[in-house]
Amino acid sequence: MNGNTFRMPARRLATVAAATALAAGPATLAGAGSAHATGDHGRASATVLRTGLDVSLLDKTVNVPLAVTLNEVQAPESAEKTALTARLDGVDGGKPFSVLRADVAEAKATATADKSEGSTTLARARLHVPGLPLLSVIEVQEVTSTATCEAGKKPVADADLLGPVTVLGKKVTLTTGGTTEVKVPGVGEVRLDLSKEETTSRTAAATALELKVSVNPLDLNVAEVDGTVTLAEATCESPAAPADEAGQPPAKADEPPAEQDAGQDADPAAEPAADVKAQGARTEADLAETGGSSSTPYLAAGAAALVLAGGGALVLARRKRG
């Protein structure tokens, strides 16, 4: 009776202690990790040529759009195609016609966690529209555009026009102060905006040239061509700035030497549970130096409790046999 009276509480106590320690370990481990936010990649795009034109035939019975692009890319991509042709039903029997030809036509877009950038370069280029196969709407020597967005910095947009410009066969001088208009009797007119640059706190956009085209050639197979043409366009959006790690809690410092000495000088005759606690304290201090998990003491305590439970059961069994 006496053996059973003391045996069951001892087993239950050891079992509860082990279960508590083992349950506390995973819970502590789940809450111990710290999240570090990383910046998202930005966005960038680049386009050498973009058209949005409406083409009407002489009898006004057919109206077809001319919406084409050359070297339109989004990060991370690049393209270097130097010619663009198109087909339109009812125009020149549906044969392909040249929209743009250039010696250099490059578009690049890159995006990383630190910076996104779009850029275009167009050199020695000639733009045509339906109905004017021999006369260029515009000829440019070189135009470039760049949009750069770095994390944590103000975005930058830059567009440049280098060399002479010819519009509908006329050499013109463009200004950044406003719109330049070129009119040719019997052919049409073109309005040009030079170097459009826009920035916000996280975005940038640069366009080297934007044309408003209105062509009405006489005695040709096309009555009117109206719309817009964009040359050398680049855009970007800044990546998200890295999370501020200044607010992260400091790492747990080692325990003072006095506490460690107290654990080492513990009375050997004391209860085993007290010795397990002191060992756990020293283990946690050591893990602060080696990078171990703070849940290790709980796992060690659980293992020790299981050992104690087994040892107690063995002693009671021997007493019973004696």
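Reading the values: rules and limits
- Position labels on residues start from 1 in each chain and follow its written sequence.
- pLDDT decides what is reported in this predicted model: residues at 70 or higher carry local features, side-chain atom pairs at 80 or more are listed and counted, and totals for whole chains, interfaces and linings draw on all residues regardless.
- Here the side-chain values reflect all heavy atoms present in the structure, with hydrogen atoms and water set aside.
- Strands here are runs of E lasting at least two residues and helices are runs of H or I lasting at least four, both read from the DSSP assignment and numbered beginning at the N terminus.
- Between buried and exposed lies partly exposed: a residue is buried under 20% and exposed over 50% of the maximum accessible area for its type, with that area taken using a 1.4 Å probe on protein chains only.
- Whether two residues touch is decided by their heavy atoms; if any such pair falls within 4.5 Å, the residues are in contact.
- Computed with the Shrake-Rupley method and a 1.4 Å probe, the accessible areas treat only the protein chains shown as cover for residues.
- The nonpolar core is taken to be a set of buried Ala, Val, Leu, Ile, Met, Phe, Trp, Tyr and Cys residues, with the residues joined through side-chain atoms within 4.5 Å.
- In this description, the term disulfide denotes a pair of cysteine sulfurs within 2.5 Å.
- A pairing counts as a salt bridge when a side-chain nitrogen of Lys or Arg comes within 4 Å of a carboxyl oxygen of Asp or Glu.
- Two strands pair under a simple rule: DSSP has to find at least two bridges between them.
- A residue's pLDDT is simply how confident the predictor is in it, with values from 0 to 100.

For the rest of this paragraph, the subject is the overall build of the chain. Looking only at helices and strands, the chain has four helices and 15 strands in total. When each of the 322 residues of the chain is scored for burial, the buried share is 34%. In the chain, of all internal contacts separated by at least 6 residues, the share reaching a separation of at least 24 is 61%. In the form shown here, the chain has an accessible surface area of approximately 18500 Å², with 53% of it arising from carbon and sulfur atoms.

Attention now moves to the nonpolar core. Core analysis: the largest hydrophobic core is formed by 61 residues, its most contacted members being Leu49, Ile138, Leu209 and Leu211. Excluding residues within four positions of it along the chain, Leu209 makes contact with Ile138, Val140, Val143, Leu161, Leu174, Leu192, Asp193, Leu194, Val229, Thr230 and Leu231.

Turning our eyes to something else, we now look at the state of the cysteines. Simply put, the disulfide is a covalent bond whose two ends are the sulfur atoms of two cysteines. Counted by the stated rule, this structure contains one disulfide. Put simply, Cys149 and Cys236 are joined by a disulfide, and their sulfur atoms are 2.0 Å apart. Between Cys149 and Cys236 the sulfur-sulfur dihedral comes to about 65°; the bridge is accordingly right-handed. Linking Cys149 in strand E9 (residues 138–150) with Cys236 in strand E15 (residues 222–237), this pair joins segments that are 87 residues apart in sequence. The burial state of Cys149 is the same as that of Cys236; both residues are buried.

As a further point, take the pattern of salt bridges. Per the counting criterion, the structure on display carries six salt bridges. Between Glu233 and Arg50 there is a salt bridge, with the nearest N and O atoms lying 2.8 Å from each other. Of this pair, Glu233 sits in strand E15 while Arg50 is found in strand E1 (residues 43–57), placing the two residues 183 residues apart along the sequence. Residue Arg50 is classed as partly exposed on the basis of its relative accessible area of 28%. Note that Lys153 is salt-bridged to Glu150, the shortest N-O span being 3.6 Å. Judged by relative accessible area, Lys153 falls into the exposed class, the value being 51%. One connected set of salt bridges, linked through shared partners, spans Arg50, Glu72 and Glu233.

This part covers the pairing of strand E7 (residues 97–111). For strand E5 (residues 77–79) and E7, the ladder comprises three bridges, and the chain directions are antiparallel. In the sheet register, Glu77 faces E7, and the bridge partner there is Ala109. When strand E6 (residues 83–86) meets E7, the two strands line up antiparallel, connected through four bridges. Counterpart to Ala86 in the pairing with E7 is Phe97.

Let us now look at the confidence of the model for the chain. For the chain, the mean per-residue pLDDT works out to 73, and 59% of the residues sit at or above 70. Here helix H3 (residues 272–290) is the element of the chain with the lowest mean pLDDT, 40, and strand E8 (residues 115–127) is the one with the highest, 97. Scored below 50 in pLDDT, residues 244–248 makes four contacts in the model with residues more than four places away or belonging to other chains. Confidence drops under a pLDDT of 50 for residues 313–317, and excluding neighbours within four residues, the segment shows two contacts in the predicted structure.

The peptide bond linking Ala75 to Pro76 adopts the cis configuration, its omega dihedral lying at -5°. Along the chain, Pro76 falls in the loop between strand E4 (73–74) and E5. Non-glycine residue Arg124 carries a positive phi angle of around 50°. Examined against the element boundaries, Arg124 turns out to sit in strand E8. One non-glycine residue, Leu168, lies in the positive phi region at around 50°. With respect to the helices and strands, Leu168 occurs in the loop between strand E10 (156–167) and strand E11 (170–172). Residue classification places Leu168 among the buried residues on the basis of a relative accessible area of 4%.

Residue placement: Val167 occurs in strand E10. On the accessibility criterion, Val167 (0% relative accessible area) is buried. Each C-alpha atom of the pair Val167 and Val140 lies 8.9 Å from the other, and the pair is 27 residues apart in sequence. In this structure, Val167 is in contact with Val137, Ile138, Val172, Val182, Val190 and Leu192, ignoring residues within four places of it in sequence.

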